[in-house]
Amino acid sequence: MKGLSFLEKIIFTINSLAALLLLLSYGLSFLPPKQFGILSVLSLGVPIFIILNLLFALYWFIKFKKQWLLSVVVLLLGFNYLTSMYQFSGKELPETVTSFTVMSYNVRLFNLFGWIEEEGIAKKIQDFILDESPDILAIQEYHIDEDFDLPDYYKYESLSGNRVKNGQAIFSKFPIINSGAIAFPDTYNDAIYIDVVNQKDTMRIYNIHLQSSKINTSVESLKKESSENLLKRISKTFQAQQQQVEQVIEHMKDSPYRVIISGDFNNTPYSYVYNELLDGFQDTFETAGQGFGRTYDFKFFPFRIDFILADDSVTVNKCRTYKVKYSDHYPIKTTLTLHQ
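Quick notes on the rules
- Residues numbered from 1 in each chain as written.
- Predicted model: local features only at pLDDT ≥ 70, side-chain atom pairs only at ≥ 80, totals over all residues.
- Heavy atoms only, no water.
- Helix = DSSP H or I, 4+ residues; strand = E, 2+ residues; numbered from the N terminus.
- Contact = heavy atoms within 4.5 Å.
- Buried < 20%, exposed > 50% of the residue type's maximum accessible area, 1.4 Å probe, protein only.
- Phe/Tyr/Trp six-rings, centres within 6.5 Å; stacked < 30°, edge-to-face > 60°.
- Lys NZ or Arg CZ within 6 Å of the ring centre and 35° of its normal.

Peer 1: Sorry if this is basic, but what is going on with the environment of asparagine 317 here?
Peer 2: Mapped onto the elements, asparagine 317 comes out in strand S11 (residues 315-321). Taking C-alpha positions, asparagine 317 is 24 Å from proline 256, a pair spaced 61 residues apart along the chain. Apart from residues lying up to four places away in sequence, asparagine 317 is in contact with Lys91, Glu92, Leu93, Pro94, Glu95, Ser99, Ala288, Thr335, Leu336 and Thr337.

Structure below.
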């Protein structure tokens, strides 16, 4: 650290720690939460580590100091992690007559308990969906609402609960020839699937809602909870998610058709569960998205926890995230093309 002032040495020490944490975090997605519960929680910090290293690299570059190389090298070593958070240019491919669209949307019970101070949320979500007119629509945290109706769609739903019947639903413009649910133990969360016929092709669509930690993400609420309790809760949630994903993967092995996975994973692209589900699939945002791809309304960081994963043999034409504030999640839609 020759040539650095005392303050710069302190800054570079912090920079080195941030670079080391980011480097170590690259391996977190390979650590199963059942064996490495607390470590798996650190994957939530990857966006923070990335942003910190970007800021440090910029700081040293502006000061014409060679220390900028440390963060840049670490960022380049995990370039795919950077593009999981931000896509610099959305690659769009022309559609064909066999192209179709898939949308995933956690609607948060259509604002049943008034989280959003706005009237008619269910009707507004319905109008938004009808305007976008996806061929396949996967909804999480769904319940039957008289103001929400999609008359031109086939539907399969799985609802449970005592106070409010809620769960997952899939709407399809294509005929549904088979459907079912995968029950997760000790929770209302589950996964559902449908088999649909699109022209000459049959495909399977999964709608997955993985376990939530049920943590209030407002800064005020987070301050009230001890870090120890927070870590334990998230660790337990990630372990439950691992078991749920193992169930889904086992179920997918029996699919005779190409598969598309959609849903709210309640976890990030740096997690073990995402990495497991991605095997043999492509993240449609990473293939054809643009910008941050933020799908969850967290005040300070662009969390992406909702996904549409397409079979590697499918062409991803485009992918878009919609900044409509009718839920604590933002809807995503992708255009796909199947090939014979």
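Peer 1: Would you explain unusual backbone geometry in this entry?
Peer 2: Across the chain, the bulk of peptide bonds are trans and the bulk of non-glycine residues have phi less than zero. In this model, phenylalanine 64 sits at a positive phi of 55 degrees, which is unusual for a non-glycine residue. The topology assignment puts phenylalanine 64 in the loop between helix H3 (46-62) and helix H4 (68-77). The backbone of arginine 108 sits at a positive phi, close to 50 degrees, despite the residue not being glycine. Here arginine 108 shows up in helix H6 (residues 108-111). In this structure arginine 108 comes out as partly exposed when scored by relative accessible area, which is 23%.

Peer 1: Would you mind going over the packing of aromatic side chains with me for this structure?
Peer 2: We describe a pair of aromatic rings using the distance from one ring centre to the other and the angle between the two ring planes. Tallied over the full model, the rule gives 19 aromatic pairs. Here phenylalanine 61 and tryptophan 68 contribute two aromatic rings whose centre-to-centre distance is 5.9 Å and whose plane-to-plane angle is 85 degrees, an arrangement assigned as edge-to-face. For phenylalanine 61, a relative accessible area of 52% gives the class exposed. Site record: aromatic cluster; members linked through ring pairs are Phe110, Tyr142, Phe148, Tyr153 and Phe171. Taking NZ or CZ as reference, lysine 323 lies 4.8 Å from the ring centre of tyrosine 330, over its face.

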